[in-house]
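Residue-level structural notes
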Amino acid sequence: MKIAMLARNPKLYSHQRLKEAAEQRGHELDILNTTRCTVHIASHRPQVFYNGEPMVGYDAIIPRIGASITNYGLAILRQFEMRGCWPLNESVAIGRSRDKLRSMQILAKHGIGLPLTAYANDPKQAEEIIKAVNGPPVVIKLLEGTQGIGVVLAETMSSAKSVIEAFRGANVNILVQEFIKEAGGTDIRALVIGGKVVAAMKRTGAADDFRSNLHRGGSAQLIKITPEERSTAVRAAKHMGLNVCGVDMLRSNHGPVIMEVNSSPGLEGIEKATEKDIAGMIIDYVAANAKAGKTKTKGKG
């Protein structure tokens, strides 16, 4: 197979491992810098160019689109989809997952466990939404933040109101969520491939940090998840429409609650914690499922 990967940094562990796994299986994998791709729009001839050369002949595309260029990356991916190139994760599904509010609305619609969450535009409603999630304390998140960036724990009503007013004053959209104290600064990352949880790890935050992201100095270890946690992760991936994703959950007193569904999960932490060849599993899934034009949306939006 000939596979393209949309990724800005070819040296990242995840991207190197996917390329290595593809080549070990006899496939060709090209890493394309997403920002160097251009879209040429003409009737009946959707084309993508890379450094001035037309990108043709790819059987599948693996999108590893950075959060800071989500909109541009999705435009490139849609163009590949309209050419009939099979995507590991479709543009519409990635767009859902990147919008925290939309993803929470979708998961809530299907009865999947979530922390109490509130959203408002007017900073004058700060006290109302803090009380709506049984706070303080509350967790305040940027709608499009990633890797723990733009996530604040506010422990008093006054500090929560101040943070909300500051974010909204900067015209930044936020969510307010209940603080799951019983999670103790740890969360679970379940990695789903093709509707199955293939690996799971427990992530523990660095000292004095309630966030457990590995990019923020957290640590990871192998964990055995419960059948309920496994079912929650699989259902979340299904309803988001993602073939491959990392589902981040907290263990609350009322069962697992989902914090985020990540459409471009990092592989380093989970491969090292579980000693599993996750990259190989992803490439095997691509090889087994990639067929021209086999997409739900075909880039329609």
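The coordinates are above.
Description of the structure in this document. (Residues numbered from 1 in each chain as written. Predicted model: local features only at pLDDT ≥ 70, side-chain atom pairs only at ≥ 80, totals over all residues. Heavy atoms only, no water.)

Let us look at the overall build of the chain. When its secondary structure is counted, the chain shows 9 helices and 16 strands. A globule of 301 residues ought to have a C-alpha radius of gyration of about 19 Å, and the chain, at 20 Å, matches this closely. When its C-alpha atoms are laid out on the principal axes, the chain stretches across 55 × 45 × 35 Å. Looking at the chain as a whole, 51% of its 301 residues qualify as buried. As displayed, the chain has an accessible area near 14000 Å², and 49% of this comes from carbon and sulfur atoms. (Helix = DSSP H or I, 4+ residues; strand = E, 2+ residues; numbered from the N terminus. Rg over C-alpha atoms; globule rule 2.2 N^0.38 Å. Buried < 20%, exposed > 50% of the residue type's maximum accessible area, 1.4 Å probe, protein only. Areas by Shrake-Rupley, 256 points an atom, 1.4 Å probe, with all protein chains shown as cover.)

The end-to-end C-alpha distance of helix α2 (residues 70-82), which contains 13 residues, comes to 18 Å, matching closely the 18 Å that a straight helix rising 1.5 Å per residue would cover. Once α2 finishes, Gly84 follows within two positions and takes phi at roughly 90°, a positive value. (Expected span 1.5 Å × (residues − 1).)

The next subject is the sheet that holds strand β14 (residues 219-222). On the basis of which strands lie adjacent, the open sheet formed by 5 strands has the order β14-β13-β12-β15-β16 and antiparallel pairing. Each end of this open sheet is capped by a strand with a single partner; those strands are β14 and β16 (255-262). On average, each strand axis in the sheet is inclined to that of its neighbour by 30°, with strand direction left out of account. With 8 bridges connecting them, strand β12 (residues 186-193) and strand β13 (residues 196-204) associate as antiparallel partners. Opposite Ala190, over in β13, you have Ala200 as the bridge partner. Relative to the sheet, helix α7 (residues 227-240) contacts β12, β13, β15 (244-252) and β16, its axis offset from that of β16 by approximately 35°. Where helix α9 (residues 278-289) meets the sheet, it contacts β12, β13 and β15, and its direction lies at approximately 35° from that of β12. (Pairing = 2+ DSSP bridges. Axes fitted to C-alpha atoms, helices over the stretch in contact; angles between N-to-C directions. Contact = heavy atoms within 4.5 Å.)

This part covers the nonpolar core. Residues Leu6, Leu32, Phe80, Leu107, Val247, Ile258 and Val261 are the most contacted members of the largest nonpolar core, which totals 43 residues. Apart from residues lying up to four places away in sequence, Leu32 is in contact with Ala4, Met5, Leu6, Ala7, Cys37, Tyr50, Met55, Tyr58 and Phe80. By size, the runner-up hydrophobic cluster in this structure holds 28 residues, among which are Met5, Ala273, Tyr285 and Ala290. (Core = buried A, V, L, I, M, F, W, Y, C linked by side-chain atoms within 4.5 Å.)

Attention shifts here to unusual backbone geometry. The linkage connecting Gly135 with the following residue, Pro136, adopts the cis geometry, with an omega of -5°. Secondary-structure assignment places Pro136 in the loop between α5 (126-132) and β9 (138-142). The omega torsion across Pro136 and Pro137 is 0°, close enough to zero to call that bond cis. Phi is positive for Asn51, which is not a glycine, with a value near 50°. Structurally, the position occupied by Asn51 is in the loop between β4 (47-50) and β5 (53-54). Even without being a glycine, Asn171 presents a positive backbone phi close to 60°. With respect to the helices and strands, Asn171 occurs in the loop between α6 (157-169) and β11 (174-178).

Purely geometric stuff here, so don't read any function into it on its own.
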